[in-house]
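# Chains, contacts and geometry: an overview
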Amino acid sequence: MATTNEKDWPLWEIFIQSKRGLDHKHVGSLHAADARMAIENARDVYTRRNEGNSIWAVRAADIHASKPEDQGAFFDPADDKVYRHPTFYPMPEGVKYI
Amino acid sequence: MYKISLRERVPSTTLATRNTFPYIMPDSQQESLFQQKVDAEQKIEPRDWMPDGYRKNLVRQISQHAHSEIVGMLPEGNWITRAPSLRRKTILLAKVQDEAGHGLYLYSAAETLGTGRDEMVDQLLSGAAKYSSIFNYPTLTWADIGAIGWLVDGAAIMNQVMLCRTSYGPYARAMVRICKEESFHQRQGYDILITLSKGTPEQKAMAQDALDRWWWPSLMMFGPSDKDSPHSAQSLKWKIKRQSNDELRQIFIDRTVSQAEFLGLKIPDPKLKWNEATQHYDWGEIDWTEFNEVIRGNGPCNAERMAARRKAHADGAWVREAALAYAGKKSKRNAA
Amino acid sequence: MSEQEALFRYTLRMGDNSLVLGHRNSEWCGHGPVLEEDIAQANIALDLIGQARNYLTYAGEVEAKFRPSALPTGQAGPLRTEDDLAYLRGEREYINVQLVELPKGDYARTIVRSFLFDAFHLPLQQALTTSKDERLKGIAEKAVKEVTYHLRHSSEWLVRFGDGTEESHRRAQEALDDLWRYTGELFTPDEAEEVLAKAGIAPKLADVKQEWSATVDRVLKEATLKRPADGWMASGGKKGIHTEHLGPMLAEMQTLQRSYPGVEW
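Residues numbered from 1 in each chain as written. Chains lettered and ligands numbered in written order. Predicted model: local features only at pLDDT ≥ 70, side-chain atom pairs only at ≥ 80, totals over all residues. Heavy atoms only, no water.

Turning our attention to the state of the cysteines. Scanning all chains against the criterion turns up 0 disulfides over all chains. Sulfur of B:Cys179: no disulfide; nearest cysteine sulfur belongs to B:Cys164 and is 3.4 Å away. For B:Cys179, a relative accessible area of 18% corresponds to the buried category. No disulfide involves C:Cys29; its nearest neighbouring cysteine sulfur is the one of B:Cys301, lying 18 Å away. (Disulfide = S-S within 2.5 Å. Buried < 20%, exposed > 50% of the residue type's maximum accessible area, 1.4 Å probe, protein only.)

Another point: helix α12 (residues 302–315) of chain B. Over its 14 residues, α12(B) runs 20 Å from end to end, which matches the ideal 20 Å to within 8%, given 1.5 Å per residue. Close packing links the buried residues of α12(B) with α3 (52–77), α5 (117–126) and α11 (288–298) of chain B. (Helix = DSSP H or I, 4+ residues; strand = E, 2+ residues; numbered from the N terminus. Expected span 1.5 Å × (residues − 1). Contact = heavy atoms within 4.5 Å.)

Let's shift gears to the interface of chain B and chain C. Across the contact, 46 residues belong to chain B and 48 residues belong to chain C. Interface of chain B and chain C: buried area, both sides summed, is about 4000 Å²; carbon and sulfur atoms make up 69% of it. Across the chain B-chain C interface, the total number found is 3 salt bridges. For the salt bridge of B:Arg333 with C:Asp163, the shortest nitrogen-to-oxygen distance reads 2.8 Å. Inspection of the chain B/chain C interface yields 16 residue pairs in polar contact (both at pLDDT 80 or more). Looking at the side of chain B that touches chain C, the elements that each hand over two or more residues are α3, α4 (86–111), α7 (169–197), α8 (201–220), α12 and α13 (317–335) of chain B. With 14 residues, α4(B) is the single largest residue contributor to the side of chain B that touches chain C. Considered class by class, the residues forming the side of chain B that touches chain C number 25 nonpolar, 10 polar and 11 charged. (Buried area = accessible area lost by both parts, 1.4 Å probe. Salt bridge = Lys/Arg side-chain N within 4 Å of Asp/Glu carboxyl O. Polar contact = N/O pair within 3.5 Å; in protein donor to acceptor, adjacent residues only side chain to side chain. Nonpolar A, V, L, I, M, F, W, Y, C, P; charged D, E, K, R; others polar.)

Further remarks concern empty space enclosed by the protein. If you walk through the whole model with that rule in mind, you get 4 cavities of 30 Å³ or more. Quantified by volume, the largest cavity comes out at close to 340 Å³. Around the largest cavity, the lining is made up of 20 residues, and of these B:Arg117, B:Val121, B:His313, C:Val34 and C:Leu35 lie nearest the centre. Those elements that provide at least two residues to the lining of the largest cavity are α5 and α12 of chain B together with α2 (35–66) of chain C. (1 Å grid on protein atoms, 1.4 Å probe; cavity = no way out; pocket = protein on both sides within 12 Å on 5 of 7 lines; lining within 4 Å. Points joined across faces, edges and corners; volume = space filled by probe spheres on them.)

Moving on, we get to the packing of helix α6 (residues 142–163) of chain B against α8(B). Residue and element names in this part refer to chain B. Relative to each other, α6 and α8 sit at 30°, their axes nearing to 9 Å. With respect to α8, the element α6 is oriented roughly parallel. In the packing of α6 onto α8, the handedness of the crossing is right-handed. For the pair formed by α6 and α8, the contact residues are Ala143, Asp144, Ala147, Ile148, Trp150, Leu151, Val152 and Ala155 on the first element and Met206, Ala207, Ala210, Leu211, Arg213, Trp214, Trp215 and Ser218 on the second. (Axes fitted to C-alpha atoms, helices over the stretch in contact; angles between N-to-C directions. Parallel < 35°, antiparallel > 145°, perpendicular 65-115°, else oblique. Left-handed = near helix turned anticlockwise from the far one by under 90°.)

Taking strand neighbours across the sheet as the criterion, the 3 strands line up as β2-β1-β3 (chain A) in an open arrangement whose pairing is antiparallel. The sheet is open, and its two borders are formed by β2 (25–31) and β3 (54–59) of chain A, each paired with just one other strand. Here the average twist between neighbouring strands, direction ignored, is 30°. Here α4(B) sits on the sheet and contacts β1 (11–17) and β2 of chain A; the angle it forms with β2(A), its principal contact strand, is near 95°. (Pairing = 2+ DSSP bridges.)

The next point concerns the packing of aromatic side chains. All told, the structure shown has 26 aromatic pairs over all chains when counted by the stated rule. Summarising the aromatic geometry, the rings of C:Tyr260 and C:Trp265 are spaced 5.7 Å apart at their centres and angled 75° between planes, so their arrangement reads as edge-to-face. Overall, C:Trp265 belongs to the buried group, its relative accessible area being 8%. One aromatic cluster is present, formed by A:Trp9, B:Trp318, C:Trp28, C:Tyr107, C:Trp157 and C:Phe161 through successive ring pairs. Its guanidinium or amino end placed over the ring of C:Tyr149, A:Arg43 lies 3.5 Å from that ring's centre, counting from NZ or CZ. (Phe/Tyr/Trp six-rings, centres within 6.5 Å; stacked < 30°, edge-to-face > 60°. Lys NZ or Arg CZ within 6 Å of the ring centre and 35° of its normal.)

Rendered as structure tokens:
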């Protein structure tokens with residue numbers, strides 16, 4: 001647990017969608033006793049300047065993350081799969097809408 | 001969230017099993033890789049390997065910075081109830097509220113390093129942790145609110161802009177957010193002083209008096225001179241800091257002089273003089289005895305500031321417990 | 001009382017209520033029980049002071065229209081700005097309800113006071129969104145969103161306290177019992193409120209009370225708190241007769257404007 005002392009409010013990670021149509025983006029964390037409070041605190045803390053359209057709050061303890069030492073094995077193999085990118089396929093001049 | 005994984009760091013016994021997956025490097029090799037990353041301007045992220053000293057240094061610096069935001073609410077908060085117009089009142093309240101938000105962003109960044117906010121707050125309240133000495137000076141007149149915005153926030157911004165490029169990712173991201181929000185703080189302070197300096201002789205005197213009292217403490221905010229700064233060299237190497245205390249202080253002075261001239265106020269330093277050769281201002285000597293005394297707890301308001309924070313924390317204990325007790329009951333009821 | 005004069009007194013009261021409560025809430029900034037609540041209280045205070053500025057500005061404009069000045073030219077009276085009204089009226093000229101001026105007390109008192117006021121303020125503002133007065137309607141449309149949040153904040157905290165620990169329950173019940181006698185005044189109309197209710201400019205307070213009462217019952221039940229019996233009720237705020245607490249608050253708030261008259265800040 002991020003907070004070991006049980007007298008303290010748990011830590012929540014906050015994700016904000018700034019506009020309709022955009023992804024929710026991680027903005028930081030805060031402490032709250034429950035989910036409702038987490039969302040309201042997030043509203044007060046992270047959207048004071050009109051930055052918000054929607055808020056997600058996740059208990060920090062519930063997030064699982066990949067390990068830095070796995071970075072190579074996880075992500076490097078994608079490096080040489082250039083055929084996944086459209087620029088890999090040159091189109092003859094005159095071919096349109098593709 | 002990072003704490004779990006940090007505590008999961010692979011025990012050193014696995015160092016023996018170097019051919020297994022994942023491959024674990026010895027610390028010396030890790031350290032040189034770490035430094036390479038820093039030198040290549042790659043951000044260090046919470047779960048990356050980092051030297052213990054780097055982690056400690058960061059926790060110390062970020063939590064000090066967070067404490068400064070929180071304690072810094074007090075001298076300005078002192079004038080929220082007395083702000084001279086409704087417009088000024090809302091601006092000041094929004095500004096002090098921002099400080100609370102910034103403290104929170106910073107605690108949140110420090111928590112990614114495995115130290116809980118409760119632990120950091122305990123360190124502040126026990127007197128073990130430091131905060132910026134500037135907030136141990138009293139706000140005596142309305143002009144002080146102007147001077148704090150102009151000089152204190154001005155000095156803080158110099159430091160914060162630099163820290164947007166600090167090597168630790170969460171700290172840099174918090175600083176970017178803070179810098180965006182801070183930009184109005186310095187201006188609102190200067191705006192107060194513009195009004196005062198265009199006002200009655202009494203108002204002008206109020207502004208000059210504030211500058212007289214806040215100028216030197218603002219210069220002290222950049223910290224000890226480079227030659228006496230214990231953490232500076234290592235911080236620069238790790239790119240936690242990007243510019244030295246003395247460099248930042250000089251830039252601040254160079255920028256501020258003309259702003260004071262515009263207000264028709266005199267900076268209280270008889271040695272202040274433009275130097276053609278260096279293209280910088282020459283200036284007098286900081287009273288380091290005062291600086292050290294304030295840091296040691298002997299500033300005019302150290303005791304009051306700590307008493308106010310301790311009282312808020314103690315008075316709030318039952319509130320925090322109640323919220324937690326209710327959350328516990330509710331989740332039990334939901335489970336049933 | 002003419003409709004214009006009633007409108008002046010009404011807007012002034014709306015402004016005074018929001019300003020005084022906003023001021024009280026702002027006293028938590030830097031001293032709250034947890035950092036997140038400092039921020040929440042400051043947001044609420046900012047909303048309230050923003051509302052006060054709208055109402056007081058409007059009050060000044062209304063006043064200038066109906067109160068021909070003592071000037072021999074017979075022109076409209078000098079326009080009092082939001083700051084003239086906020087900073088240069090004494091406590092006998094403030095006409096807010098007494099509930100909002102009481103000291104902030106502990107956090108239970110602050111929350112209970114806010115709750116009792118918010119539960120009144122929300123249906124009032126909702127009703128004002130259909131006011132025949134365009135300005136009041138406009139102010140209310142913005143305020144409804146703000147006050148909805150205030151009520152949500154204070155209700156949730158009240159439930160946490162009531163249904164939290166023994167101590168928080170005791171503190172909340174005590175605050176509720178103490179503050180109850182200040183709720184009567186919210187719903188006792190003065191002449192201005194009666195005139196405007198007849199004109200369709202402001203709601204009947206009896207209607208607002210019904211909603212208030214329902215909200216109070218619902219939230220207190222969830223909070224496991226007991227609704228106090230309606231006994232003797234304090235009053236006088238609407239006539240400018242206050243508790244001993246408003247004077248010192250205004251003395252503090254107005255100190256600069258009073259010490260340096262006629263100066264720009």
